[in-house]
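Each chain, letter by letter, is given below.
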Amino acid sequence: MPREARRLHGRERELAALSLELEAAYDSSTRIVVLHGDAGIGKTALMETAARSAPDRARVLSVRNLPLTTRMPNLAVRTLLAQAEGGRPLREEIRRPLPLRLDAAIERLTELGPVVVTVDDLQWADSHTLDALMFVVGGADDRPLAILTTVRSGTGRPVDRWRADLLRLPGARSVPVQPLDRLGMHDLIAAQLGAPPHDALVRDVLDRTGGNPYHAQLLLEGVEPTALAAPPAGTPSGASGDLGTALLQTWATLPARTRELTVLLAIHGKPIRLSILAGLDPAWGEAANELQPALATHVLDHDDSGRVWFHHPLIAELLVTSVPDDELRRQHATLAHGVERLIEVDGATPDRIIDLADHLAGAGDVDGCFAASRRALGALHGSDEPTTELRLIRRCVELAPGLQGAGVEPRALLAEWAAAAAAAESDDDEYAAVVALLDSIGPDDPLARAELLLHRRRLEVRLGGDLGTATTAREAFELTVQAPDSRQYALALAELVHAEIMEGDPSSVAHAEEALRRAEQLDDTEALSYALAASAELAAATRDLPRATRLAEETFAIALPAGHFEPARLAALWLAYSMPGYRAAAEGLRDLRGRLAEAGAPRLSIAALACIEAGSWMTVGATPAVRDALRVVRAEDTPDYIELAIRSISARFAALRGRVDEAEAHLQRAHERFPDPPAYAALERAVAQALTSLAGDDPDGALDALIPMIEGGPGGHGSEWLMPLAARALADRSTAARDGEAERPGTPTALEMLDELEAEHPHVISRTMGISYADDLDALDALYAAERSRARNLPDGFDRWVDTADRAAAADLAWEEAYACRRGAEQGLIDGGARRRVGIALLRRGAAIAHRTEADGLAAELETLARWARIRLQAEGTARAEADRVAGVSLTGRERELLPYLVDGRTYAEIAELLTISEKTVSSHVSNLLRKTGAANRIDLARMVRETHEI
């Protein structure tokens, strides 16, 4: 039987919409719903009512975000984890990143039945909480999981950006909560007053509250049903149209002593047990009794653990902002003395010392706050609270100039700040600390300055700086050249090699040899790790792939045990580039980031590799694997350089699947955040923009994005796609002109532009940074030639498209193969004769690839072409229907997701890690697959799948 649902008035439409989403979730279709509307409009009540309607077999997890607890990141995630995990989690589970833990815990619960998660007041959630929710929602879409959230409209906070990203996911919905209409307000008033109200009262309340139910409830206290109007605003039972005044109306009627204690609670900033509140000051020994009026009127509520907090969290914010600054400092000082007494009586826990430091900060006690913050840092040493440690150290840095006493070493404090920022993976803080350290070092310490310059350089790249400049590396090198036996000299040489490779400077060869020789003479694993990584990069750039592989593995062997994760990450990148093609690179990156994760590498290093992995999987059309890699990236609050890349990858991935609006949204977000990206990111964005414009039938937009990149000369990742895409846009324009569409006035014709581009670039542009695989260049060169032929309407077009499709297949370029099949099929069907039979084969081949890669736009074009030519794409049913079947049986979404990994020979443990589910769940799905298909074992099942070409 379902739980009893509280009656809501005037919310039938919203409840019906929520019921549909919940029913879909119960049928194993993951859903997340964002209820948004004005404060007091009834979002929370609506969400809670919907959750209470869940069947008894459903597990409900609930959490509320608080406005004054931003000093406690991940509080909401930890609260949900405590509910989801129940008992004490395993030690190895605790070491996993929180988003992974939360997703795994929810996965375990969904195996037992439906799960409903409610998250209230997302506008106050920290970025970690938002990222964790995005990670959970971005996972498997066939879990019986519903996530209901509320957010206040028009907050202008990061949650708005998060909500825009969320709504691009297939299982996400946005439900606006509007003001009540006249009928809804009538029902609400009748329920509150216990009798049908007079029509005049309904009109008056509706006019004065704008349909806001919370305002109406406050306004109606003490009103009779026969009244013709509500009391005037400001009277004991009246409410003002301002929500703040309305919220404080009941609070204002409380006894003076109760109001004093609630203000103190608001200033304390988080829920607290009454016994502890009383312990803060002997004068508050009766706190439990004196707060009863606030509890009785629901100004305050008890939570599940017996703590008290405000029923509406905004009340706390309003109370604090209403206290004059002098009084606020006095109250913080009072709380600080109380915390000190608790510490003397009950002992000093890290949380209590942090509370002391926070209240001393609020009291303006610089010396006391500094001392308490240092004490809190000592108590936290070795704990898993890097974000809290960073906040405390940052406060110490800010307070240091105002300290009265001596004994504070600024450089040591700045170095501590940099180390804490690195542990918390906050690149912005780490960069600020390193810059401050550089400013504190004079010319008498060139080696320390050189090392900091190199550190700053790496941070600049992570924050979106230009990859190709060698200025900083040369400056560091000049500072160390007089000390060739120093570790700083070896480090500067390694960084110089990287910069010179980016610039195409042949000096990189001699410098790489020198860096390796010097580093090997030192007993310094970090210098040797960077020198090996630089040599591996040079070997990869010069196509000496065996040497690159050997050097990268040597880097791993030395760097990982010593905890030097940045050179290990670079080595992983060069090792992946040494693989024979994008699929091998993607598989290598997946394995290598696993090795880094096992060694304890920072999560952002893992995310950086997953970003490149996602791009590699995308290139070969491995759609499920792209999603897996993107989930790893989205689980983190990524720095600029990853955000730049992931936006371009996501836009390109969406455009290739025909989702133009989604692609445009990613590009718009990238432009808003990074209007002037570095050169490497601008090129990637241009390719994504060109594909998006072409998918939206805008060849001129594609050319506007591509031409500046082509004129800029060879560059980084994506250069090889510039000429084929430009030729495609010009072919679209030329075809339109032949069909009678006028070309852009005042500009060269499409054929004139094509002649000029071909004269300058007769072949595709091979990038100078990274690896261009021979098969890929061959396939893209064939595509470039085929598009030129299409633009000029030459008779060799059909043969060129067949050749391009075959070369793309050899290079494992799925999108290009499917596109070439589409063009070749069209030409073959038009030409007729013997070419028609080949065209039909191309049509079916392209359709199979399009459905496998979820290229919906291309699949629709091929289906239209098939209908026009009266051709069945498959012998039995449509390609889309067959894509859900193996050996004649239907598969679930999770079973389809498992199949590629089974065919690849992945173990149950590997599949469980990739899909973030348990090995038991994997085994269960495989058993179902074997039962459905009649396969004897996994090998037999993989054979069936290959024979039916389903993946």
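Residues numbered from 1 in each chain as written. Predicted model: local features only at pLDDT ≥ 70, side-chain atom pairs only at ≥ 80, totals over all residues. Heavy atoms only, no water.

### Section: the overall build of the chain
Helix and strand counts for the chain stand at 48 helices and ten strands. The buried share of the chain, reckoned over its 951 residues, is 55%. Long-range pairs, those at least 24 residues apart, make up 69% of the contacts in the chain with a sequence separation of at least 6. Taken as a whole, the chain presents about 39,800 Å² of accessible surface, with 52% of it coming from carbon and sulfur. (Helix = DSSP H or I, 4+ residues; strand = E, 2+ residues; numbered from the N terminus. Buried < 20%, exposed > 50% of the residue type's maximum accessible area, 1.4 Å probe, protein only. Contact = heavy atoms within 4.5 Å. Areas by Shrake-Rupley, 256 points an atom, 1.4 Å probe, with all protein chains shown as cover.)

### Re the packing of helix H37 (residues 719–738) against helix H39 (residues 774–792)
Running from N to C, H37 and H39 cross one another at 15°; their axes reach a closest spacing of 8 Å. Classified by the interaxial angle, the pair formed by H37 and H39 is roughly parallel. When you trace H37 past H39, the crossing you get is left-handed. Residues Glu-720, Trp-721, Met-723, Pro-724, Ala-727, Arg-728, Leu-730, Ala-731, Asp-732, Ser-734, Thr-735 and Arg-738 of H37 touch H39, and the partners they reach there are Leu-777, Leu-780, Leu-783, Tyr-784, Glu-787, Arg-788, Arg-790, Ala-791 and Arg-792. Partitioning the contact of H37 with H39 into residue classes produces eleven nonpolar, two polar and eight charged. (Axes fitted to C-alpha atoms, helices over the stretch in contact; angles between N-to-C directions. Parallel < 35°, antiparallel > 145°, perpendicular 65-115°, else oblique. Left-handed = near helix turned anticlockwise from the far one by under 90°. Nonpolar A, V, L, I, M, F, W, Y, C, P; charged D, E, K, R; others polar.)

### Digging into helix H43 (residues 856–868)
Compared with an ideal rise of 1.5 Å per residue, which puts 13 residues at 18 Å, H43 spans 18 Å between its outermost C-alpha atoms and is within 8% of the ideal. Residues of H43 that are buried include every one of Leu-858, Ala-859, Leu-862, Leu-865 and Ala-866, and no others. The buried side chains of H43 occupy one side of the element, clustering within an arc of 125° when seen end-on. Seen from the buried face of H43, the exposed residues on the opposite side, beyond 90 degrees, are Arg-867 and Trp-868. Note on H43: the residue one or two positions beyond its end, Arg-870, has a positive phi of about 55°. (Expected span 1.5 Å × (residues − 1). Arc of directions from axis to C-beta.)

### Let's talk about the pattern of salt bridges
In the structure shown here, the tally under the stated rule is 50 salt bridges. Here Arg-101 makes a salt bridge to Glu-85, at a shortest N to O gap of 2.7 Å. One end of the pair, Arg-101, is in helix H5 (residues 98–110); the other, Glu-85, is in helix H3 (residues 75–85), with 16 residues separating them in the sequence. For the pair Arg-101 and Glu-85, one class covers both residues: buried. Across the pair Arg-487 and Glu-526 runs a salt bridge, and its minimum N-O distance is 2.4 Å. In this pair, Arg-487 sits in helix H25 (residues 487–503) while Glu-526 sits in helix H27 (residues 525–541), placing the two residues 39 residues apart along the sequence. What you see here is one network of salt bridges that share partners, running through Asp-732, Glu-787, Arg-790, Arg-822, Arg-823, Glu-826 and Glu-861. (Salt bridge = Lys/Arg side-chain N within 4 Å of Asp/Glu carboxyl O.)

### Considerations on the sheet that holds strand S4 (residues 145–152)
The sheet built from five strands is open, its strands ordered S2-S3-S4-S1-S5 with parallel pairing. Unpaired on one side and paired on the other, strand S2 (59–64) and strand S5 (172–176) mark the two borders of the sheet. Along the sheet, successive strands turn relative to each other by an average axial angle of 15°, direction set aside. Relative to the sheet, H5 contacts S2, strand S3 (115–120) and S4, its axis offset from that of S3 by approximately 140°. (Pairing = 2+ DSSP bridges.)

### Examining the sheet that holds strand S8 (residues 307–310)
Strand order in the open sheet made by the three strands is S6-S8-S7, with antiparallel pairing throughout. Taken across any chain shown, the strands that pair with only one partner, and hence form the sheet edges, are strand S6 (272–273) and strand S7 (300–302). For S7 and S8, the ladder comprises three bridges, and the chain directions are antiparallel. Paired with Asp-301 across the strands is Trp-309, a residue of S8. The strands that helix H12 (residues 256–268) touches are S6, S7 and S8; relative to S8, the one it contacts most, it runs at about 95°.

### Structural notes on the packing of aromatic side chains
According to the stated counting rule, one finds four aromatic pairs in the structure shown. When the centroid spacing of 5.2 Å and the interplanar angle of 80° are considered together, the rings of Trp-309 and Phe-310 count as edge-to-face. Taking NZ or CZ as reference, Arg-728 lies 4.3 Å from the ring centre of Tyr-819, over its face. One Lys or Arg, Arg-788, reaches over the ring of Tyr-784 and ends 4.3 Å from the middle of that ring. (Phe/Tyr/Trp six-rings, centres within 6.5 Å; stacked < 30°, edge-to-face > 60°. Lys NZ or Arg CZ within 6 Å of the ring centre and 35° of its normal.)

### Notes on the nonpolar core
Core analysis: the largest hydrophobic core is formed by 106 residues, its most contacted members being Ile-710, Leu-725 and Leu-843. The element contributing the most residues to this core is helix H33 (residues 640–656), with ten residues. With sequence-adjacent residues up to four places away left out, Leu-843 is seen in contact with Ala-825, Leu-829, Leu-862, Leu-865, Ala-866, Ile-871 and Leu-873. Core analysis: the next-biggest nonpolar cluster, separate from the first, contains 68 residues, Val-308, Val-320, Ala-336 and Ala-376 among them. (Core = buried A, V, L, I, M, F, W, Y, C linked by side-chain atoms within 4.5 Å.)

### A few points about the confidence of the model for the chain
Confidence in the prediction of the chain, expressed as mean pLDDT, is 81, and 86% of residues score 70 or more. Confidence drops under pLDDT 50 across residues 233–242; counting only partners more than four residues distant or on other chains, this segment forms 25 contacts. Under a pLDDT of 50 for its full length, residues 875–883 has, in the predicted model, eleven contacts with residues more than four places off or in other chains. (pLDDT = per-residue confidence, 0-100.)

### Examining the layout of surface pockets
A volume near 1,100 Å³ is recorded for the second largest pocket. In this structure, the second largest pocket is lined by 48 residues; those nearest its centre are Arg-728, Asp-732, Arg-790, Tyr-819 and Arg-823. Put simply, the parts of the chain that give the lining of the second largest pocket at least two residues each are H33, helix H35 (679–695), helix H36 (699–711), H37, H39, helix H40 (797–811), helix H41 (814–831) and H43. Among the elements that make up the lining of the second largest pocket, the one with the highest residue count is H37 (ten residues). A per-class count over the lining of the second largest pocket returns 23 nonpolar, seven polar and 18 charged. (1 Å grid on protein atoms, 1.4 Å probe; cavity = no way out; pocket = protein on both sides within 12 Å on 5 of 7 lines; lining within 4 Å. Points joined across faces, edges and corners; volume = space filled by probe spheres on them.)

### Describing the environment of Ile-911
Note that Ile-911 resides in helix H46 (residues 908–915). On the basis of relative accessible area, Ile-911 is assigned to the buried category, the value being 0%. When the C-alpha atoms of Ile-911 and Pro-900 are compared, they prove to be 9.9 Å apart, with eleven residues separating the residues in sequence. The contact partners of Ile-911, leaving out residues within four places of it in the chain, are Leu-898, Tyr-901, Leu-902, Arg-906 and Val-922.

### Section: the pairing of strand S1 (residues 31–37)
Burial analysis of S1 places seven of its seven residues in the buried class, which makes it a mostly covered element. Across the two faces of S1 the burial is the same, with Arg-31, Val-33, Leu-35 and Gly-37 and Ile-32, Val-34 and His-36 all buried. In terms of strand pairing, S1 meets S4 through seven bridges, oriented parallel. By the bridge assignment, Ile-32 is partnered in S4 with Ile-147. Judged from the five bridges that link them, S1 and S5 form a sheet pairing that is parallel. Bridged to His-36 within S5 is Pro-176.

### Concerning the side chain of Ser-529
Secondary-structure assignment places Ser-529 in helix H27. In contact with Ser-529, other than residues within four places in its own chain, are Thr-555, Ile-558, Ala-559, His-564 and Pro-567.

### Considerations on the environment of Ser-19
Structurally, Ser-19 can be placed in helix H1 (residues 12–26). The class for Ser-19 is partly exposed, based on a relative accessible area of 38%. Between the alpha carbons of Ser-19 and Ala-54 there is a distance of 9.2 Å; along the sequence they are 35 residues apart.

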